[in-house]
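What follows is the residue order along each chain.
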Amino acid sequence: MFAYIVRKLLFSVVVLFMASVVFFVLVSLSGDPLLNLKQNPRIQQSDIERLTAEYGLDQPLPIQYGIWVGDMLHGDFGTSFEQSTSVNSIIARRIWPTVLLMGSSLIFTVAVAIPFGIYSAIKKYSALDNAGTFFSFVGYSMPTFWLGLILQLVLGVYLSSWAGVRIFYISGMTGSGGLIDLLQHLALPLITLSVISVAEFSRFQRSAMLDVLSSDYLRTARAKGLSRRVVYLKHALRNALLPTVTVVALSMGAIFGGAILTETVFAWPGLGFLLADSLFKGDYNVARALLMISAALIVFFNLVADIAYSLVDPRVSFD
Amino acid sequence: MVDQRRDMGPRAQPSPFEVAEVGGEHYGKVRGRTQREIIWKRFKRHRLALVGGAILLLLYLAALATPVIAPYNFAEIDYTSFNQSPSLDHPMGTDRLGRDELTRVLYGGRISLALGLAVGVFSTVIGATFGIIAGYYSKVVDVLTMGFVDFMLTLPYIPLLLVMGSIFQFTAVTITIAMIILLWPRMARLVRGQVLVVRDQEYVQAAKAVGVSDVKIMLRHILPNVVGVMVVEATLIVALAILFESAISFLGLGIQPPTPSWGNLLTDARSNMIEQWWLTWFPGLMIVITALCVNFLGDGLRDALDPKAVE
Amino acid sequence: MAMLEVNNLKTHFKTQDGTVKSVDGVSFSLEPGETLGIVGESGSGKSVTALSIMQLNPKPPVEYPEGEILFEGQDLLKTSDAKMQKIRGNDIAMIFQDPMTSLNPVFTVGNQIREAIRIHQDVSKDEARKRTVQVLRDVGIANPEQRAGEYPHQYSGGMRQRAMIAMGLACNPKVLIADEPTTALDVTIQAQILELMVGLQEKYGTAIVMITHDLGVVAQIADKVMVMYGGRAVEKGTTEEVFYDPLMPYSWSLLRSLPRLDTAGEVRLLPIKGSPPSLIFLPKGCNFNPRCPFVKDECHEIDPVLEEKKPAHSAACILSVEELEQNKHRVDEQLGVEG
């Protein structure tokens, strides 16, 4: 068990290193971060030279990479070109909104999709199942950002003007403060981010449950005299939830991608918004740091998926 | 020719009428079915898949015919009629520069549809090749290939596409290539998994024992049995490609104006969502409908090709 | 009145292609402590018969247009599901063919056996645990205390089947239905499992319904035999009678298609030509006529009924006992063998 975890950890570290190289190179290629400054006639050449030296931009790339990695391992992500403050502080300010958004989305998604998937499987082809399947397809086929736009329009603007009072906010995270206010701001981004996941997971859960429903051991359980209810809730459920654990963990990376779009549409002050923004403005250090974070997120959740699965499924052995 | 009959693979089918002969005339002629017929019959039961497929076909035909059927030029600016809501002249309205929205949607469609298809096809070909080779040969080849694939799979799609988009301005071709690079590992992993299942089947062992060459085995025995999952995953990839491209273009880092793509049409729309509703709804609905049809098609194919499906 | 009496049972399934007549008029009886072997090829309806007794056929497509299944006087076909639950596992238990897929992989074996006990008997957890260990020991699993805490994938194939038997017998049922319990096992293990079952039957007095396509299994443990073909019972009698003097060409063909130690090398094996009939489109007349070695013209017209040909030995064939003998002799002579 221990050796298994260690092996996976090692692999993760290797992957992160490789990813860091890829990110570093790509971002470096994306342009000269000091371009704006250079084009500004009021900035003096000496200042530019000083900044260049300060940011280490005159060094050959491999050395820049080395410095960057070295700093990262110390927890220092460097300095933002755009805002002249440490990247760490920028990220620290924006991490909570993203965690809030993604976290609540995850909880919401799981709470909705799993029971629905299971119910759909048991009542296969019922009206609810068919409707659910159709909506899953639609949800699955919808571009996140467009859904956000539509929700802003319909539930944000139209609804509020029809009701005469602001029900949902369409941008930002806080207005007047307080929990209700937060929820009003969180609602639309939450739905936007969650729709695709709910669609995906409920389909998957349904399919996993269907597989289990056709198993021989359920027949054995019935032959022992168990009621249908017990057979579903005890025997079937345990087995049907197993693969979903993995799927949910593995999709966190994709959810982050969705968060980037959602945050941008709703001006939600999180890391996703920051990423798009920093790429536009050529603020490399921020961009690279965020890329590393998103890769680390994926790697971390892959690890979680592996370990969690091996814990809940007794058939998994560790060699 | 001699091999045709001795081939023990799953595709060797007795003639449909053989099945009935056993019963002699007392059965009447019960016609058995070839595999292809079974698949087609099952597929036809999926009304949504059929509708989806039909709509997709229409869309692709429209895309091909766009230069001919588009009422205007997509860059044609007409100051006298900007921001008009849908009318007979402009069925999808015009944007703030007076450009006809329908034309722009049609041209945008060309890009998105072509791109989706290209990404689907190439990712599949590349991914399946790697997957089959890795799964078949196992050991070193497998470990190396899958190690690489696993690495690629941990790369975050959207952030990476954004970065790439900011490095160089994406054109339709370059964004297609970028997506192929990011998406083929998905196919590789899936195919390899399926190959592992198929490889241990007895007919493969039998073919090997007889001395059939590796390449032949991979093509004749393994490939037909992984085609099922391949096709389904391919449709998923097509849908993803369309969704990704529109997302990246929407953020301004994908296809650049003036070339229209459904994604960047929505960027323009964003500033005027409330008044010029047509600019938001039409391109967006096109994306949804296309992705939906692709997904329905994929679902229908999955059910039709699933050998485990109970009639 | 026998303990278990099946009268003219018909189990049909409505499908897209038509009505599948899996069981089409089967009758048999079972007394306490008896062993009945139900023999037939795949698709003959034997498993469906068993599932019908347990009322475990999938509810939407299945229908029971005729017949009754009387267990201690109660017609199971008319029993509510709630009452059936009390009977399943408790009075009538069933074990299945593939023990690997028939045991839930995420629960320990002990847990699954305990569950069987605790549903039907009001005992404490401790009591149930003790009984579980006891019954595991009874089926010959060494180290039962430890094994009870293990998972199915940690057991070998033979052990798993023993565990399934343990689970079936945990509540001391009156009838144990075994659906091809040895088919998925090695030949040597097969023998062990059969011996085990015979031993347990002596100990507990359980009646057994053994469903199999393997005549060797039947010969070993069954008191009486019912041969099924095309959803019908085509021959019934004591094991000895049916084996030494089969009165239905199908049974005879089955026996003749198997190699025997005592006649090895002397007798030519006779495979049965053709394949089992579709249960939707059955042949006109006798179900077996396309493949029957003794077929006559009348066989295409008349649908034979199961009738008593010799004492306690019935067969569904229009040929009389004498005609059958002649046919058998003819074939034996052709093959240059003594009858």
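Residues numbered from 1 in each chain as written. Chains lettered and ligands numbered in written order. Predicted model: local features only at pLDDT ≥ 70, side-chain atom pairs only at ≥ 80, totals over all residues. Heavy atoms only, no water.

1. Notes on the sheet that holds strand E2 (residues 18-30) of chain C
Residue and element names in this part refer to chain C.
Right, so step 1: If you trace the four strands from one edge of the open sheet to the other, you get E2-E1-E4-E5, paired in antiparallel fashion. Of all strands in the sheet, those bounded by a partner on one side alone are E2 and strand E5 (74-75).
Right, so step 2: Sheet topology places strand E4 (residues 62-71) next to E5; two bridges connect them, and they run antiparallel. Each bridged residue has a counterpart across the sheet, and for phenylalanine 71 the counterpart in E5 is glutamine 74.
Right, so step 3: Sheet strands touched by helix H1 (residues 46-54): strand E1 (4-15), E2 and E4. Its angle to E1, the strand with the most contacts, is close to 105°. (Pairing = 2+ DSSP bridges. Helix = DSSP H or I, 4+ residues; strand = E, 2+ residues; numbered from the N terminus. Contact = heavy atoms within 4.5 Å. Axes fitted to C-alpha atoms, helices over the stretch in contact; angles between N-to-C directions.)

2. Thoughts on the interface of chain B and chain A
Right, so step 1: Each partner contributes residues to the interface: chain B has 39 residues there, and chain A has 42 residues.
Right, so step 2: Taken over both partners, the interface formed by chain B and chain A buries close to 3,700 Å², and the fraction arising from carbon and sulfur atoms is 82%.
Right, so step 3: Summed over the three residues of chain B that lose the most area to chain A, namely B:Phe151, B:Thr154 and B:Leu251, the buried surface amounts to 15% of that side.
Right, so step 4: Applying the counting criterion to the chain B and chain A interface returns one salt bridge.
Right, so step 5: Across the pair B:Asp299 and A:Arg203 runs a salt bridge whose closest N-O atoms are separated by 3.0 Å.
Right, so step 6: Our count for the contact surface shared by chain B and chain A stands at six residue pairs in polar contact (both at pLDDT 80 or more).
Right, so step 7: Elements that contribute at least two residues to the side of chain B that touches chain A include exactly helix H6 (139-153), helix H7 (157-167), helix H10 (214-250), helix H11 (262-270) and helix H12 (277-305) of chain B.
Right, so step 8: For the side of chain B that touches chain A, the element with the most residues is H12(B), which contributes twelve residues. (Buried area = accessible area lost by both parts, 1.4 Å probe. Salt bridge = Lys/Arg side-chain N within 4 Å of Asp/Glu carboxyl O. Polar contact = N/O pair within 3.5 Å; in protein donor to acceptor, adjacent residues only side chain to side chain.)

3. Section: the pattern of salt bridges
Residues and elements named next belong to chain C.
Right, so step 1: By the definition in use, this model includes 34 salt bridges over all chains.
Right, so step 2: With a shortest N-O distance of 3.3 Å, aspartate 75 and lysine 78 are connected by a salt bridge.
Right, so step 3: Ionic pairing is found between glutamate 127 and lysine 130, a salt bridge with its closest N-O pair at 4.0 Å. Placement of both glutamate 127 and lysine 130 in helix H5 (residues 125-138) is noted, with a separation of three residues, approximately one turn of the helix.

4. Brief notes about helix H12 (residues 321-334) of chain C
Residues and elements named next belong to chain C.
Right, so step 1: In a regular helix each residue adds 1.5 Å, so 14 residues correspond to 20 Å; H12 covers 20 Å between its end C-alpha atoms and thus fits that length.
Right, so step 2: When H12 is considered as a whole, its buried residues turn out to be Leu324, Asn327, Lys328, Val331 and Asp332. Projected onto a plane normal to the axis of H12, the buried residues spread over an arc of 130° and lie on a single side. Set apart from the buried face of H12 by more than 90 degrees, the exposed residues are Glu322, Gln326, Glu333 and Gln334. (Expected span 1.5 Å × (residues − 1). Buried < 20%, exposed > 50% of the residue type's maximum accessible area, 1.4 Å probe, protein only. Arc of directions from axis to C-beta.)

5. Things to note about unusual backbone geometry
Right, so step 1: In this structure, the amide linkage connecting B:Pro257 to the following residue, B:Pro258, adopts the cis form with an omega of 10°.
Right, so step 2: Relative to the elements of secondary structure, B:Pro258 occurs in the loop between H10 and H11.
Right, so step 3: Positioned with a positive phi, C:Asn143 is a non-glycine residue whose angle comes to about 60°.
Right, so step 4: Mapping C:Asn143 onto the fold places it in the loop between H5 and helix H6 (144-148).
Right, so step 5: Even without being glycine, C:Ala312 reaches a positive phi, approximately 55°.
Right, so step 6: Mapped onto the elements of the fold, C:Ala312 is located in the loop between strand E11 (307-310) and strand E12 (313-315).
Right, so step 7: On the basis of relative accessibility, which here comes to 54%, the residue C:Ala312 falls in the exposed class.

6. Overview of the packing of aromatic side chains
Right, so step 1: Taken as a whole and judged by the stated rule, the model has 17 aromatic pairs over all chains.
Right, so step 2: Plain terms: the ring middles of A:Phe134 and A:Phe135 are 6.2 Å apart, the flat faces sit at 70° to each other, and that makes the pair edge-to-face.
Right, so step 3: We classify A:Phe134 as partly exposed; its relative accessible area is 35%.
Right, so step 4: Geometrically, the ring pair formed by A:Trp146 and B:Trp281 is edge-to-face, given 5.9 Å between the ring centres and 90° between the ring planes. Separated into two different chains, A:Trp146 in helix H7 (residues 144-163) and B:Trp281 in helix H12 make up a pair that spans both.
Right, so step 5: Classification of A:Trp146 by relative accessible area gives buried; the value is 4%.
Right, so step 6: An aromatic cluster is present here, built from A:Phe134, A:Phe135, A:Phe137 and B:Phe296 joined pairwise through their rings.
Right, so step 7: Over the face of the ring belonging to C:Phe107 we find A:Lys234, whose NZ or CZ atom lies 5.4 Å from the ring centre.
Right, so step 8: In this structure, C:Arg147 packs its charged tip against the face of C:Tyr155, placed 5.6 Å from the ring centre. (Phe/Tyr/Trp six-rings, centres within 6.5 Å; stacked < 30°, edge-to-face > 60°. Lys NZ or Arg CZ within 6 Å of the ring centre and 35° of its normal.)

7. Overview of the confidence of the model for chain A
Right, so step 1: Of the residues in chain A, 93% reach a pLDDT of 70 or more, and the chain-wide mean stands at 84.
Right, so step 2: Least confident of the elements in chain A is helix H2 (residues 35-39) of chain A, whose mean pLDDT is 66; most confident is helix H9 (residues 216-223) of chain A, at 93. (pLDDT = per-residue confidence, 0-100.)

8. Thoughts on the state of the cysteines
Residues and elements named next belong to chain C.
Right, so step 1: A full pass over the atoms with the stated rule returns zero disulfides over all chains.
Right, so step 2: Distance from the sulfur of cysteine 299, which forms no disulfide, to the nearest cysteine sulfur (cysteine 292) is 6.0 Å.
Right, so step 3: In this structure cysteine 299 comes out as buried when scored by relative accessible area, which is 10%. (Disulfide = S-S within 2.5 Å.)

9. Structural notes on the pairing of E1(C)
Residues and elements named next belong to chain C.
Right, so step 1: Alignment of E1 against E4, held across seven bridges, turns out to be antiparallel. Across the sheet, valine 6 pairs through a bridge with isoleucine 69, a residue of E4.
Right, so step 2: Strand direction decides the pairing type here: E1 and E2, joined by ten bridges, are antiparallel. Within the sheet, the bridge partner assigned to glutamate 5 lies in E2 and is serine 29.

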